[in-house]
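# Summary of structural features
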Amino acid sequence: MPRKRPGRVRTKNTNRREALKLSSMAPEDYNVRPGEVKSIACPDCRTWRRIMGDKVLKIREHCISDKVAEGKKHVTCPGSDQLVVIDIDLQRWQARQNRLLRDAMPQENRRAAQQFYKPLPAPAAPVSRIKAEVTLETARQSYLAHRRGCTRCVGGQHCTDGGVLARRYVLALNQEPARREARAEQDRQARRTERKQSAPAVRKAQWARQGGKAVEAANNRCAQRLPGTVSEFRGPQLPLAPQDVAAHDRRQTELGKQYAARKGANTAA
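What you see is a predicted model, and the numbers here were worked out from it, not measured in a lab.

## A closer look at the pairing of strand β4 (residues 48–52)
- For strand β3 (residues 39–41) and β4, the ladder comprises three bridges, and the chain directions are antiparallel. By the bridge assignment for β4, Ile 40 is matched with Arg 49.
- From the end of β3 to the start of β4, which pair antiparallel, there are six residues, and Arg 46 there has a positive phi angle of about 55 degrees.
- Bridge analysis of β4 against strand β5 (residues 57–59) gives two bridges, and the strand direction is antiparallel. Paired with Met 52 across the bridge in β5 is Lys 58.
- Where β4 folds back onto β5 in an antiparallel hairpin, the turn is made up of four residues, including Gly 53, whose phi is positive at roughly 100 degrees.

## Examining the side chain of His 62
- With respect to the helices and strands, His 62 occurs in the loop between β5 and β6 (83–85).
- For His 62, a relative accessible area of 6% translates into the label buried.
- From its side chain, His 62 meets the backbone oxygen of Arg 60 in a polar contact 2.8 Å long.
- Setting aside its immediate chain neighbours within four residues, His 62 contacts Cys 42, Cys 45, Thr 47, Arg 49, Val 75, Thr 76, Cys 77, Gly 79 and Ser 80.

## Structural notes on the pattern of salt bridges
- With the rule as written, the count across this model stands at nine salt bridges.
- Among the salt bridges present, the one from Arg 183 reaches Glu 176, with a minimum N-O distance of 3.4 Å.
- A relative accessible area of 40% means that Arg 183 is categorised as partly exposed.
- Given a relative accessible area of 9%, Glu 176 falls into the buried group.
- Here Glu 254 makes a salt bridge to Arg 251, at a shortest N to O gap of 3.8 Å.

## Re the side chain of Glu 176
- Following the sequence through the fold, Glu 176 ends up in helix α3 (residues 160–197).
- Within polar-contact distance, the side chain of Glu 176 engages the side chain of Arg 179 at 3.0 Å.

## Some words on the sheet that holds strand β2 (residues 30–31)
- If you walk across this open sheet you meet the six strands as β1-β6-β5-β4-β3-β2, and the pairing is mixed. The strands lining the two open edges of the sheet, one partner per strand, are β1 (20–21) and β2.
- Note: β1 against β6, two bridges, orientation parallel. Within β6, the residue paired with Leu 20 across the bridge is Val 84.

## Focus on the state of the cysteines
- For the structure on display, the rule yields zero disulfides.
- Here Cys 77 is not cross-linked by a disulfide; its sulfur's nearest cysteine counterpart is in Cys 42, at 3.7 Å.
- Among the residues examined, Cys 77 registers a relative accessible area of 3% and is labelled buried.
- Considering cysteine sulfurs only, Cys 153 is the nearest to Cys 159, which forms no disulfide, with 3.6 Å between them.

## Structural notes on α3
- In a regular helix each residue adds 1.5 Å, so 38 residues correspond to 56 Å; α3 covers 53 Å between its end C-alpha atoms and thus fits that length.
- At Glu 176, α3 shows its maximal bend, which comes to roughly 45 degrees, and the proline Pro 177 appears one to four places after that position.
- Buried residues of α3: Gly 162, Gly 163, Leu 165, Ala 166, Ala 172 and Glu 176, and no others.
- Those residues of α3 hidden inside the fold are in contact with α2 (136–149).

## A short note on unusual backbone geometry
- One non-glycine residue, Arg 46, lies in positive phi territory at about 55 degrees.
- By the element assignment, Arg 46 lies in the loop between β3 and β4.
- A positive phi is found at Asp 81, a non-glycine position, where the angle reads about 55 degrees.
- Inspection of the secondary structure assignment puts Asp 81 in the loop between β5 and β6.
- Asp 81 gets classed as buried once you look at its relative accessible area, which sits at 15%.

## Some points on the nonpolar core
- Residues Leu 20, Leu 22, Met 25, Tyr 30, Val 32, Ile 40, Ile 51, Leu 57, Ile 59, Val 84 and Trp 93 constitute the largest nonpolar core, which totals 11 residues.
- What Ile 51 contacts, discounting residues up to four positions off in sequence, is Lys 38, Ser 39, Ile 40, Leu 57, Lys 58 and Val 84.

## Remarks on the environment of Arg 140
- Along the polypeptide, Arg 140 turns up in helix α2.
- Spatially, the C-alpha atoms of Arg 140 and Arg 168 are 8.8 Å apart, while their sequence positions differ by 28 residues.

Rules used in this analysis
Residues numbered from 1 in each chain as written. Predicted model: local features only at pLDDT ≥ 70, side-chain atom pairs only at ≥ 80, totals over all residues. Heavy atoms only, no water. Pairing = 2+ DSSP bridges. Helix = DSSP H or I, 4+ residues; strand = E, 2+ residues; numbered from the N terminus. Buried < 20%, exposed > 50% of the residue type's maximum accessible area, 1.4 Å probe, protein only. Polar contact = N/O pair within 3.5 Å; in protein donor to acceptor, adjacent residues only side chain to side chain. Contact = heavy atoms within 4.5 Å. Salt bridge = Lys/Arg side-chain N within 4 Å of Asp/Glu carboxyl O. Disulfide = S-S within 2.5 Å. Expected span 1.5 Å × (residues − 1). Bend = angle between axes of the 7 residues up to and from the residue. Core = buried A, V, L, I, M, F, W, Y, C linked by side-chain atoms within 4.5 Å.

What follows is the structure in structure tokens.
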């Protein structure tokens, strides 16, 4: 791999001006990041030029016009060979530059200065430590599944988790008769309650509470209504005629003309 040639000043000439201090310039007019080529915006021609040297820093000699190849006259910029002094805190300057770059970046492309990583999920708890409803079948299935996959559970020997599952299975096996008796008693109570609710006396009381002779008479009444009379279920605020009779008639006439024109067009088609 070729060795990178360090930049060095090939001449001791200067433009005989006082050394340019970076603290007197805007932070965005120079670049002195570690590991990058030092550059600066020339104060005279306002073009970016390289800063040469390691100890004695000077702006590289350059031309004012960028069109010398097109036949323009070569005129040296007065800012060439300008001495430069780095009198700033590089860490503070770099932090400010990073903040400016982040603010100038579009909002959807910004990244937080500090990265927050999502923590890895905790491993799943073993079956022997899961607190759930234990029945005889679930305890049996958990124990058998552990026995099939565990190499330390051989014969009558169990590992720690295997012993827990075995004790849980034995306990569920001992509690199964009492659990069955409790389920049977619960079923008997449910059937007894259903018989009480469907008894004839209870149904008669329900019908008496929800109905009665008055309701039955109102349902069975079929009275003839005279034309033009208002039902007793209609409120007195409901209008029976339009408020503006003339406007109502005009509107009905317009609707009739539109209907006739549409019907004529359909007939012609």
